[in-house]
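Results of the structural survey
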Number of protein chains: 2
Amino acid sequence: MNNSEHNHLVVMAGGVGSRFWPMSTPECPKQFIDVLGTGRTFLQMTVDRFAGIVDRRNVWIVTSQQYADLVKEQLPDVPSEQILLEPCRRNTAPCIAYVAWRIKKQDAQANLVVAPSDHLVMNGEEFRRVIASALAFTAESDAIVTLGMRPTRPETGYGYIQADMSAPSLRNSEIFRVDRFREKPDLATAKKYVQHEEYYWNSGIFVWSVKTIVNAMRIYQSDIADIFEALFPVLGTERERDAIDENFPRCPNISIDYAVMEKAEEIFVMPADFGWSDVGTWGSLLTLMPHDGDGNAVVGQEVKLYESSGCMVHTSGLRRVVVQGLDGYIVAEKNGTLLICRMEEEQRIKEFSAD
Amino acid sequence: MNNSEHNHLVVMAGGVGSRFWPMSTPECPKQFIDVLGTGRTFLQMTVDRFAGIVDRRNVWIVTSQQYADLVKEQLPDVPSEQILLEPCRRNTAPCIAYVAWRIKKQDAQANLVVAPSDHLVMNGEEFRRVIASALAFTAESDAIVTLGMRPTRPETGYGYIQADMSAPSLRNSEIFRVDRFREKPDLATAKKYVQHEEYYWNSGIFVWSVKTIVNAMRIYQSDIADIFEALFPVLGTERERDAIDENFPRCPNISIDYAVMEKAEEIFVMPADFGWSDVGTWGSLLTLMPHDGDGNAVVGQEVKLYESSGCMVHTSGLRRVVVQGLDGYIVAEKNGTLLICRMEEEQRIKEFSAD
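Keep in mind that what you see is a predicted model, and the values were worked out from it rather than measured.

1. Remarks on the overall build of chain A
The number of helices and strands found in chain A is eleven helices and 17 strands. Relative to the compact-globule value of 20 Å for 355 residues, chain A shows a C-alpha radius of gyration of 21 Å, a close match. Structurally, chain A occupies a C-alpha span of about 60 × 50 × 40 Å along its principal axes. Here chain A holds 355 residues, and 57% of them are scored as buried. Contacts in chain A between residues far apart in sequence, at least 24 positions, make up 67% of those at least 6 positions apart. Accessible surface, chain A as shown: approximately 14600 Å² in total, 46% of it carbon and sulfur.

Below is the structure:
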């Protein structure tokens, strides 16, 4: 393992997780929840996953101000000055810029992994092997590396990365130049992608040195770069918070994919297969969890099912649940709110929660 | 109205209501619950129903010791010495004997209505007219009167009373001699009963003078009568409770129907139609409650239904419920216990609650 003192982990933990209502709420979104009932939240599992690769002192969390207490509570080992608070939502590019300049102030040689806080990885060992390999690559180059997940189904909900498989990197035969980024496809296109080796899901996991990302921002997003260049003297000081609150909202609302990845030259993809899921829907959660003989998955204190199949029962406040005669339903309860909904209608959950 | 000072109401409130779990539990059965969401429990509605006929000072409740506090809380106007506590369950005959001898001690001229605590009456005005008429009848005779409910469906869950319609009482043309009591019939028999005018549901509402019932007990249940004759000197004294605790368990376990009604001579039935239901099942509750356009009935704080029909949603602890895509289900929650169950499987609720 490449446990360099310059390795840093950046976890983006500002999402609102509206598709998992009522388990996930604006007050406590998915990444702060023990979704699988294992005793660890997605955020905690995300940080745990980097054990041996990134020192706990080099973990950075970027989140909204309203989640600061949740992060501190769930990650007491992370220094509180490394929990960076966005005063407003500006998508991923300003978020990444903020943390990049902030880390640069502390460690100009830093080599970063940027990861979402609410995804699941089944094979932690392979995950660490891949991350260590990517970090070794970016430590000695100006490369921007994204992890590409081998598609297992014609998913229309993700962006895809098309790799140039003819040209593996000379220094790492597992890493390829990116040919093109592809927007979320229609079903026909997704079916084509899944049959060709060069298409990968964009996992949202990035690896780069701080030097590389700061430089890329300067070239492709000079508006954002100018803001953080100007803020650089106060970063890491007691004036940081006020200065960020004042200036961060001036950043454009733009994703890192649009802002940098689709524009930059030295972009690489490292195909990987470590049992990844973004756990974006109740249906995907159901497939990931242990099932009873009828395909039901259960998180809760005392849950009994009769003549039920393909159900996801997820309760936290209820002491006892009996379900009879449901096929393919979500039964989710938290903090006095109960949802019972056909799995196939789960895209309407946002509507239900808003009504 | 016949608001005689000798009119007394006896409410039998010792049932356990196991078919309405988890709304009804052994700790707080159906009669103590605001089942309809109107702000009054079944027990309170039962007593309210006699306003103008029985003075509040003449209300007697017989219940189990464990429900004494619930009764006092829900009926603060009832003198606490008129809440009689059975130390164990011995069915209705010993219960009625106890309260009969107890009332006799206080008012030898008493004229009683005995009523279950967990039934529903829709037409209170007609109910009071019928009760007043029956009380006037028993005030001046040794008659035992039962109220017979005109069947509206071939119900196999009730006992039936066959009236001798050829011979109305000379003093009250609405009251007939009972020809026979009939056990719970099979469906074919029930279908026959519902087509003939002389068959009525046994509502469990009885009217008689204290003299009459005490006498009937002496004749037909001398074991029980002997026990309460012996206890008579201590009834209404501070020694009552201990003496009852010691002697009540010696009573045989027998219903008033078997013990007296099916044996006695002067038994009458008063057919009545005041929108009665014993509310014995979730299904019957659903039919009794106001519905939305899709036949759903709801008790709860904030309940929304989408693409659902024929559902009974009854929650008390949950603050918010969203139900999508359920047809013909019970969704019931209380004190952290949730049941979701097909209405047609509700006879299994006792099994679910025990497992």
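After presenting the structure, the write-up continues.
2. Considering unusual backbone geometry
All names here are of chain A. With omega at 5 degrees, the peptide bond leading from Trp-21 into Pro-22 counts as cis. Locating Pro-22 in the fold gives a position in the loop between strand 1 (7-12) and helix 1 (42-48). Backbone geometry at Asn-91 places phi at a positive 65 degrees, although glycine is not the residue there.

3. Quick notes on the interface of chain A and chain B
With 31 residues of chain A at the interface, the matching set in chain B holds 31 residues. Summed over both sides, the interface between chain A and chain B buries roughly 2700 Å², with carbon and sulfur atoms accounting for 48% of that surface. Inspection of the chain A/chain B interface yields two salt bridges. Here A:Arg348 and B:Glu307 are joined by a salt bridge, their closest N and O atoms 2.9 Å apart. Linking chain A with chain B are 26 residue pairs in polar contact (both at pLDDT 80 or more), by the criterion used here. Here the side of chain A that touches chain B gets six residues from one element, more than from any other, and that element is strand 17 (residues 337-342) of chain A. A breakdown of the residues in the side of chain A that touches chain B according to their chemical character gives 15 nonpolar, six polar and ten charged.

4. Points about helix 8 (residues 240-247) of chain A
Residue and element names in this part refer to chain A. Within the sequence span of helix 8, burial applies to Glu-240, Ala-243, Ile-244 and Asn-247. With its buried residues spanning 100 degrees around the axis, helix 8 presents them on a single face. Set apart from the buried face of helix 8 by more than 90 degrees, the exposed residues are Asp-242 and Glu-246. For helix 8, the elements touching its buried residues are strand 3 (83-86), helix 3 (92-106) and helix 7 (222-231).

Here is what the cut-offs are and how they apply
- Per chain, residues are indexed from 1 in the order of the written sequence.
- Numbering of ligands from 1 and lettering of chains from A proceed in the order in which they are written.
- Residues qualify for local features only when their pLDDT is at least 70, as the model is predicted, and side-chain atom pairs are given and counted only at 80 or more; totals for whole chains, interfaces and linings, by contrast, use all residues.
- The side-chain values count all of the structure's non-hydrogen atoms but skip hydrogen atoms and water molecules.
- Elements are defined by DSSP. Helices are runs of H or I of four residues or more, strands are runs of E of two residues or more, and each kind is numbered from the N terminus.
- Put simply, the radius of gyration uses C-alpha atoms, and a globule should come to 2.2 Å times the residue count raised to 0.38.
- Burial here depends on accessible area, computed with a 1.4 Å probe over protein chains only, as a share of the maximum for the residue type. Under 20% is buried, over 50% is exposed, and the range in between is partly exposed.
- By definition in these notes, contact holds between two residues if any of their heavy atoms fall within 4.5 Å.
- Surface exposure here means Shrake-Rupley accessible area, sampled with a 1.4 Å probe, where a residue is shielded only by the protein chains that are shown.
- As a working definition, buried area equals the accessible area (1.4 Å probe) given up by two parts on being put together, with both sides summed.
- Salt bridge, as used here, is a side-chain nitrogen of Lys or Arg placed within 4 Å of a carboxyl oxygen of Asp or Glu.
- Within 3.5 Å is the distance limit for a polar contact, defined as a pair of N or O atoms, with the added protein rule that one can donate a hydrogen and the other accept it, and that residues adjacent in sequence qualify only through two side-chain atoms.
- Charged means Asp, Glu, Lys or Arg here, nonpolar means Ala, Val, Leu, Ile, Met, Phe, Trp, Tyr, Cys or Pro, and polar covers whatever is left, Gly included.
- This arc is built from the directions going out from the helix axis to the C-beta atoms.

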